[in-house]
Amino acid sequence: MKPRIRIAVASLGLMGAFAAAPLALAGQAHEESLPEAVHRGGLVDRTIVIDGKTKWVNVTEGETIRFLVGGKSFAWVFDSYDQGADLKKLAPKGMLGDRPVKVYVAADPRGRI
């Protein structure tokens, strides 16, 4: 196959893949909204370790945070400003036990997301 034909075929294949991606994602239901849970495999901005001494965590509006709790993890997109959410309400049931951990969400310094 000539080099130009190979490039054209490869380009068409990539364009087809990019065109099909939104269609594949369109059928996925969003279980939660503001803020919404991040499903396994998503990109995160940073990781916060929660241990027995953790009383609160600070995050910024727009951040995606992975929380590590005793060998398990979950992630959350903080897409709204909040003065003190209870992390137990965001975490999978039973992950934090009975310890209270507050999440303070600072306003995004770049403005609304």
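Residues numbered from 1 in each chain as written. Predicted model: local features only at pLDDT ≥ 70, side-chain atom pairs only at ≥ 80, totals over all residues. Heavy atoms only, no water.

Draft legend 1. Fine view of the nonpolar core. Formed by 19 residues in total, the largest nonpolar core has its most connected members in Ile50, Phe67, Phe78, Leu87 and Val103. Within the residue set of this core, elements represented by two or more residues are strand S2 (46-50), strand S3 (56-60), strand S4 (64-69), strand S5 (72-77), helix H2 (87-90) and strand S7 (102-106). With 3 residues, the top contributor of residues to this core is S4. (Core = buried A, V, L, I, M, F, W, Y, C linked by side-chain atoms within 4.5 Å. Buried < 20%, exposed > 50% of the residue type's maximum accessible area, 1.4 Å probe, protein only. Helix = DSSP H or I, 4+ residues; strand = E, 2+ residues; numbered from the N terminus.)

Draft legend 2. The arrangement of the pattern of salt bridges in detail. A complete count under the given rule lists 2 salt bridges for this structure. When the shortest N-O distance is used, the salt bridge between Glu63 and Arg46 registers 2.9 Å. Note that Glu63 is positioned in the loop between S3 and S4 and Arg46 in strand S2, a separation of 17 residues in sequence. Judged by relative accessible area, which is 16%, Glu63 ranks as buried. The salt bridge partner of Asp108 is Arg110, with a shortest N-O separation of 3.1 Å. A relative accessible area of 8% places Asp108 in the buried class. When its relative accessible area of 70% is taken as the criterion, Arg110 is described as exposed. (Salt bridge = Lys/Arg side-chain N within 4 Å of Asp/Glu carboxyl O.)

Draft legend 3. Up close: the packing of aromatic side chains. In the structure shown here, the tally under the stated rule is 2 aromatic pairs. Both rings, one in Phe67 and one in Phe74, keep their centres 5.1 Å apart while their planes meet at 25°; by these two values the pair is stacked. Just as Phe67 is buried, Phe74 falls in that class too. Ring plane angle 80° and centroid distance 6.2 Å describe the contact between Phe67 and Phe78, whose orientation is recorded as edge-to-face. Of this pair, Phe67 sits in strand S4 while Phe78 is found in the loop between S5 and strand S6 (82-86), placing the two residues 11 residues apart along the sequence. Here Phe67 falls in the buried class, since its relative accessible area comes to 0%. Each member of the aromatic cluster is reached from another via a ring pair, and the members are Phe67, Phe74 and Phe78. (Phe/Tyr/Trp six-rings, centres within 6.5 Å; stacked < 30°, edge-to-face > 60°.)

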